[in-house]
Amino acid sequence: MPSLDIRRGAKLAFIGESGSGKSTLLELLAMILKPTASTRFEFCPAPDGERHDVSAIWQSERPDALSNLRSRHIGYVLQYGGLLPYLNIRENIDLSRRLLHRETEGVAEHWAARLDIAAQLDKLPAELSVGQRQRVAIARALAHDPAVLIADEPTASVDPLNAERIMGLMVDLVDDLGLTLIVASHAHRLMKEAGHEMIDHRVEATSARSMHVSVSRAEA
C-alpha cells in the first residue's frame, strides 16, 4: 500500500511529466478530491495541535468539515494563478481572509511589498504580466496565514528567469514563516536548486473509478 508522510516545515516536490497525475495528487492532499478508498489520512496543521482524521471525515460525507480545514489551513497556488478577473489585485489578495471573516486592513499591502507587486494593487489581473499574476496568487494563498502552501506547476507559465525568481520568493517566504510547501512540477533542476525534497510520481489507472499512486524518492 503506497504511503506518504509529510513532516511540518518540509519542502516537497512531486516530479513527473504532464498527465502523470500530479495535480490529482495535490487535490487529494488538499482535500478537494475524495479518493475511492482511504485507509489513513491524518492532518495536523498546528504544532502539538489536534489531529484531524480526514479519512473518517470523507467516510462521514461531511464536506463542510473539509472545507473548513482547507480554508483555514491550506493556501493553494494554481498553475495559471486563478485570480478573479473582476477584482483588483488588492481585492484578490484579501479574498482568502474575507471568506474567513478576518480583518484585511494592511494585509494586501504587506504581502504586495514582500512579493514586489506593491505598485499593482489597484490594477486588474489582465493589466499584469504572467509573472506578476503568479506573485499575486502566492500573496493570496498566504494572506490567511495557512500552515501548508500547495502549488500546482507555479512556474510552468513563465520564462526560466521569472521561474527562478518566483520559486526563490516562494521558498524564502515559507522558510521565514515555517510553513510546509508541497509543489507539483516537471522542472527537476529548478526544484533541486530550490532545495526541495523530490519525489517521483506516477499514476497507473486500474479502473474507471480508481488509480494506483506510486511515489518514490527521485534521484538527485
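In case you missed it, the structure is sitting above this.
As the structure is a prediction and not an experimental result, all values here were calculated from the model. (Residues numbered from 1 in each chain as written. Predicted model: local features only at pLDDT ≥ 70, side-chain atom pairs only at ≥ 80, totals over all residues. Heavy atoms only, no water.)

### Topic: the layout of surface pockets
No. 1: There is about 410 Å³ of room inside the second largest pocket.
No. 2: Taken together, 15 residues make up the lining of the second largest pocket; nearest its centre are Ile74, Tyr76, Ser96, Leu99 and Arg140.
No. 3: Those elements that place two or more of their residues in the lining of the second largest pocket are α3 (63–73), β4 (74–77), α4 (89–98) and α6 (130–142).
No. 4: Sorting elements by how many residues they give to the lining of the second largest pocket places β4 first, with 3 residues.
No. 5: Of the residues contributing to the lining of the second largest pocket, the split by class is 8 nonpolar, 5 polar and 2 charged. (1 Å grid on protein atoms, 1.4 Å probe; cavity = no way out; pocket = protein on both sides within 12 Å on 5 of 7 lines; lining within 4 Å. Points joined across faces, edges and corners; volume = space filled by probe spheres on them. Helix = DSSP H or I, 4+ residues; strand = E, 2+ residues; numbered from the N terminus. Nonpolar A, V, L, I, M, F, W, Y, C, P; charged D, E, K, R; others polar.)

### Quick look at unusual backbone geometry
Negative phi characterises most residues that are not glycine, and trans characterises most peptide bonds.
No. 1: The backbone of His101 shows a phi angle near 60°, a positive value even though the residue is not glycine.
No. 2: Among the secondary structure elements, His101 is positioned in the loop between α4 and α5 (107–114).
No. 3: The class of His101 is exposed, set by a relative accessible area of 75%.
No. 4: Backbone geometry places Asp116, a non-glycine residue, at a positive phi of 60°.
No. 5: Residue classification places Asp116 among the exposed positions, given a relative accessible area of 62%. (Buried < 20%, exposed > 50% of the residue type's maximum accessible area, 1.4 Å probe, protein only.)

### Some words on the side chain of Asn88
No. 1: Within the secondary structure, Asn88 is located in the loop between β4 and α4.
No. 2: Here the side chain of Asn88 touches Arg90 through a polar contact of 3.1 Å, landing on its backbone nitrogen.
No. 3: Residues in contact with Asn88, not counting those within four places in the same chain, are Leu121, Asp122, Lys123 and Leu124. (Polar contact = N/O pair within 3.5 Å; in protein donor to acceptor, adjacent residues only side chain to side chain. Contact = heavy atoms within 4.5 Å.)

### Regarding the environment of Ile6
No. 1: Note that Ile6 resides in the segment before β1 (11–15).
No. 2: Classification of Ile6 by relative accessible area gives partly exposed; the value is 27%.
No. 3: Non-local contacts of Ile6, meaning those with residues more than four positions away in its chain, are made with Leu12, Leu29, Thr180 and Ile182.

### Considerations on the environment of Leu26
No. 1: With respect to the element layout, Leu26 can be found in helix α1 (residues 22–29).
No. 2: Judged by relative accessible area, Leu26 falls into the buried class, the value being 0%.
No. 3: The spatial distance from the C-alpha of Leu26 to the C-alpha of Met167 is 18 Å, given a sequence separation of 141 residues.
No. 4: Apart from residues no more than four positions distant in its own chain, Leu26 is found in contact with Phe14, Tyr76, Ile150, Ala151, Asp152, Ile182 and Ala184.

### Comments concerning α3
No. 1: For α3, the set of buried residues is Ala65, Leu66, Leu69 and His73. Down the axis of α3, the smallest arc covering the buried residues is 100°, so these residues share one side. Facing away from the buried side of α3 by over 90 degrees, the exposed positions are Pro63 and Asp64.
No. 2: In this structure, the buried residues of α3 make contact with β2 (42–43), β3 (52–53), α2 (54–59), β4 and β5 (148–152). (Arc of directions from axis to C-beta.)

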